[in-house]
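Structure assessment
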Amino acid sequence: EQNGKISYVDLNGKEVGNTPLTGTTGDTITITPQIPAGWKQVPNQEVPSTVTAGADGIPTVTIKVEHATTTVTPDHPKTPADTLPDNPGKKYPSGVAKDDLNKTIVRAIIVHTPGATPTTLHQDAKLTRTATVDEVTGEVTYGEWSTGNWDVYNVPAVSGYKPSQSVVKAQVVTGDTESQTVDITYTADQQNGKISYVDPNGKEVGSTPLTGTTGDTITITPQI
């Protein structure tokens, strides 16, 4: 009776698991790797399909392995109640739930139209990213956030008033962009007029200037 093993070693040469091999001297032993949970075989290495049991035992078959990883997408988030696909003895770590992989960045444009109730326009930019989970350590690494856009907004014109800005520019939204509020206010324009004094023939013989801003009530004080 001869004994040996398939030895699974990490990239540092440390054995992380093994599969026993048994047989009798002269037997041809079939090699059927059983990679430990959470690990995967390093590609592009030659692994024999069989070995022969010798008089001194069955030669060790060494297979290099590395940490298996799984990618979590924003449309299929996970929670610690879910099981890792290649390591059924472990659960997903925190950090890969819906709110970790999806976020909405909002620009609220509030228009304070004179004499009216303010109106608010919400511009939503929805961003996503993926997460990669190391199935051995549980470490989570993230991909880059996608980008979004806030569209240009043309501020409504109000006769007799000047807006604080005529346009809210379009903007590319990245993972570093913060939600923001833009207040559009209106300033009344300066207005001019006069009290006109005319003779019986309608000819102006003098005037008194009148000044104020749009919406003001102007007191009329004739100065004949």
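Attention now moves to the overall build of the protein. For the protein, the count of helices and strands is one helix and 22 strands. Dimensions along the principal axes, computed over C-alpha positions, put the protein at roughly 140 × 30 × 25 Å. Across the protein, the fraction of contacts at a sequence separation of at least 24, relative to all contacts at a separation of at least 6, is 50%. When the accessible surface of the protein is totalled, it reaches about 13800 Å², and 48% of it is carbon and sulfur. Of note, the protein has its 16 positive side-chain charges centred 7 Å away from the centre of its 25 negative side-chain charges.

We now examine the sheet that holds strand β19 (residues 180-184). On the basis of which strands lie adjacent, the open sheet formed by three strands has the order β11-β10-β19 and mixed pairing. Looking at which strands have only one partner, the edges of the open sheet turn out to be β11 (119-128) and β19. Averaged over all adjacent pairs, the angle separating strand axes in this sheet is 15°, with direction ignored. In this structure, strand β10 (residues 102-111) lies alongside β11, joined through ten bridges in antiparallel fashion. Considered in β11, the bridge of lysine 103 is made with leucine 127.

Under the definition given, this model contains zero aromatic pairs. Against the face of tyrosine 142 rests arginine 129, its NZ or CZ located 3.8 Å from the ring centre.

Now for the environment of glutamate 204. Relative to the helices and strands, glutamate 204 resides in strand β22 (residues 204-213). Excluding residues that lie within four positions of it along the chain, glutamate 204 makes contacts with Lys194, Ser196, Tyr197 and Val198. Reaching out from glutamate 204, the side chain makes a polar contact with the side chain of lysine 194 at a distance of 3.0 Å. Here serine 196 takes part through its side chain, which lies 2.5 Å from a polar atom of the side chain of glutamate 204.

Across the sheet, which stays open at both edges, the four strands sit in the order β2-β1-β6-β4 with mixed pairing between neighbours. A single partner strand is all that each edge strand has here, and the edge strands are β2 (15-23) and β4 (39-41). Each adjacent strand pair in this sheet contributes to an overall mean axis angle of 35°, direction not counted. Strand direction decides the pairing type here: β4 and strand β6 (residues 61-67), joined by three bridges, are antiparallel. Its bridge partner lying in β6, tryptophan 39 is registered against histidine 67.

The subject of this paragraph is the pairing of strand β12 (residues 131-134). Summarising the sheet, strand β7 (residues 69-72) and β12 pair through four bridges and their orientation is antiparallel. Bridge pairing in β12 links threonine 70 to valine 133. Where β12 and strand β13 (residues 140-142) come together, three bridges link them in antiparallel fashion. Note that in β13 the partner of valine 133 across the bridge is valine 140.

Procedures and definitions
Residues numbered from 1 in each chain as written. Predicted model: local features only at pLDDT ≥ 70, side-chain atom pairs only at ≥ 80, totals over all residues. Heavy atoms only, no water. Helix = DSSP H or I, 4+ residues; strand = E, 2+ residues; numbered from the N terminus. Contact = heavy atoms within 4.5 Å. Areas by Shrake-Rupley, 256 points an atom, 1.4 Å probe, with all protein chains shown as cover. Lys, Arg positive; Asp, Glu negative; His and termini not counted. Charge placed at Lys NZ, Arg CZ, Asp CG, Glu CD. Pairing = 2+ DSSP bridges. Axes fitted to C-alpha atoms, helices over the stretch in contact; angles between N-to-C directions. Phe/Tyr/Trp six-rings, centres within 6.5 Å; stacked < 30°, edge-to-face > 60°. Lys NZ or Arg CZ within 6 Å of the ring centre and 35° of its normal. Polar contact = N/O pair within 3.5 Å; in protein donor to acceptor, adjacent residues only side chain to side chain.

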